[in-house]
Amino acid sequence: MAYREIVEIGNDVLRKHCKKQEKFDHRLRILLKDMADTMYEADGVGLAAPQVGILRRVVVMDVGDDNGLIEMVNPEITYRSEETQTGREGCLSLPGRQAVVTRPMTVTVKFQDRNGEEQELTGSGLLARCICHELAHLDGELYIDVMDRELTKEEMESRIPEDPPEEAEGEE
Ligand code: NI
């Protein structure tokens, strides 16, 4: 296991545009492994390379569904549903903060895997939210740029109207 330090808001690296990943080499595989280790250690559902100080278009995510760990290199959203979802969102680079953010309900993303093979994935709900959030990092964007409102400390610790119904939440 190799953990990398997570960059926090205030560091300019989070506001930079990331470069395309050109090489599908050993260094990329180390980066992907370190990013996954770091994400799981921090109890996150997604992590983008700039969050560990690397300005490359690389993200990892695991929202706890059947997809398990997803690695995306040079991802691009090719479809955003008109239907939206409004809910709670946080970021490992903004510790102790949460906001209500509106995102598409469903997105399709095309990307390359660790071997450079073209892949496509369609996700809804939390996965769609996570894809939008992580890909935004690659262009220096944070959820605070698009949020509906920031939650207070009290709201962070209790249910808010935007939370999913309790029965739905407990399903998995
Ligand atoms: Ni984030």
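Given the structure is predicted, the values throughout are model-derived calculations rather than measurements.

1. What about the overall build of the chain?
Secondary structure assignment for the chain yields four helices and eight strands. Reading the helices (α) and strands (β) of the chain from amino to carboxyl end gives α-β-β-β-β-β-β-β-α-β-α-α. Here the C-alpha radius of gyration of the chain, 16 Å, is about what a compact globule of 172 residues would show, namely 16 Å. Its C-alpha atoms give the chain principal-axis dimensions of about 45 × 30 × 30 Å. Taken over 172 residues, the chain has a buried fraction of 45%.

2. A closer look at the coordination of the nickel ion
Coordination of the nickel ion by the protein is provided by Cys91 (SG), His133 (NE2) and His137 (NE2), with metal-donor distances spanning 2.1 to 2.2 Å. Donor residues binding the nickel ion come from one chain and are separated in sequence as C-x41-H-x3-H. With a gap of 46 residues between them, cysteine 91 in the loop between strand S4 (84–89) and strand S5 (99–104) and histidine 137 in helix H2 (residues 126–137) connect regions that are remote in the sequence. Of the two residues, cysteine 91 and histidine 137, both sit in the buried class.

3. Quick word on the layout of surface pockets
The gaps left among the atoms become clear once a water-sized probe is rolled over them. In this structure, the second largest pocket spans a volume of roughly 300 Å³. Considering the residues around the second largest pocket, the lining is formed by Arg4, Lys20, Gln21, Glu22, Lys23, Asp25, Arg27, Leu28, Leu31, Ile54 and Arg56. Partitioning the lining of the second largest pocket into residue classes produces three nonpolar, one polar and seven charged.

4. Quick look at the nonpolar core
Judged by nonpolar contacts, the single largest core of 19 residues is most densely connected at Val59, Met61, Met72, Val109, Leu121, Leu127 and Ile131. Listed by contribution, the elements that provide at least two residues to this core are strand S2 (58–61), strand S3 (70–80), strand S6 (106–112) and H2. If you tally residues by element for this core, the top one is H2, at six residues. Those residues in contact with isoleucine 131 that sit more than four places away from it in its chain are Met61, Met72, Ile77, Val107 and Val109. Counting residues in each nonpolar core, the second largest holds twelve residues, with Leu28, Met39, Val52 and Val60 among its members.

5. Regarding the sheet that holds strand S1 (residues 46–48)
Reading across the sheet, the five strands line up as S1-S2-S3-S6-S7 and stay open at both edges, with antiparallel pairing between neighbours. Pairing within the sheet leaves two strands with one partner each, and these edge strands are S1 and strand S7 (118–124). Between one strand and the next, the sheet's axes are offset by a mean angle of 40 degrees, whatever the strand orientation. Of the pairings in the sheet, the one linking S3 to S6 comprises five bridges and is antiparallel in character. Residue glutamate 76 lies in a different strand from S6, and its bridge partner there is lysine 110. Against the sheet, helix H1 (residues 26–41) makes contact with S1, S2 and S3, and its axis sits at roughly 40 degrees relative to S2, the strand it touches most.

6. Considerations on the environment of glycine 53
For glycine 53, the location among the structural elements is in the loop between S1 and S2. Distance from glycine 53 to arginine 4, taken between C-alpha atoms, is 8.9 Å for residues 49 residues apart in sequence. Residues within four places of glycine 53 in sequence aside, it is in contact with Val7 and Val13.

7. Re a positive patch on the surface
A cluster of basic residues, Lys19, Lys23, Arg27 and Arg56, forms a positive patch at the surface. Its place among the elements puts arginine 27 in helix H1. With relative accessibility at 69%, the residue arginine 27 sits in the exposed group.

8. Some thoughts on H1
One full turn of an α-helix is made of 3.6 residues, so residues set three or four places apart face in the same direction. Counted at 1.5 Å a residue, the expected span for H1 with its 16 residues is 22 Å, and the 22 Å between its end C-alpha atoms agrees. For H1, the complete set of buried residues consists of Leu28, Leu31, Leu32, Asp34, Met35, Ala36, Asp37, Thr38 and Met39. Structurally, H1 contributes buried residues whose contacts are with S1, S2 and S3.

Reading the values: rules and limits
Residues numbered from 1 in each chain as written. Predicted model: local features only at pLDDT ≥ 70, side-chain atom pairs only at ≥ 80, totals over all residues. Heavy atoms only, no water. Helix = DSSP H or I, 4+ residues; strand = E, 2+ residues; numbered from the N terminus. Rg over C-alpha atoms; globule rule 2.2 N^0.38 Å. Buried < 20%, exposed > 50% of the residue type's maximum accessible area, 1.4 Å probe, protein only. Donors = N, O, S within 2.8 Å, 3.2 Å for Na, K, Ca; no water. 1 Å grid on protein atoms, 1.4 Å probe; cavity = no way out; pocket = protein on both sides within 12 Å on 5 of 7 lines; lining within 4 Å. Points joined across faces, edges and corners; volume = space filled by probe spheres on them. Nonpolar A, V, L, I, M, F, W, Y, C, P; charged D, E, K, R; others polar. Core = buried A, V, L, I, M, F, W, Y, C linked by side-chain atoms within 4.5 Å. Contact = heavy atoms within 4.5 Å. Pairing = 2+ DSSP bridges. Axes fitted to C-alpha atoms, helices over the stretch in contact; angles between N-to-C directions. Patch = residues over 30% accessible without salt bridge, like charges linked within 9 Å, V, L, I, M, F, W, Y side chains within 5 Å. Areas by Shrake-Rupley, 256 points an atom, 1.4 Å probe, with all protein chains shown as cover. Salt bridge = Lys/Arg side-chain N within 4 Å of Asp/Glu carboxyl O. Lys, Arg positive; Asp, Glu negative; His and termini not counted. Charge placed at Lys NZ, Arg CZ, Asp CG, Glu CD. Expected span 1.5 Å × (residues − 1).

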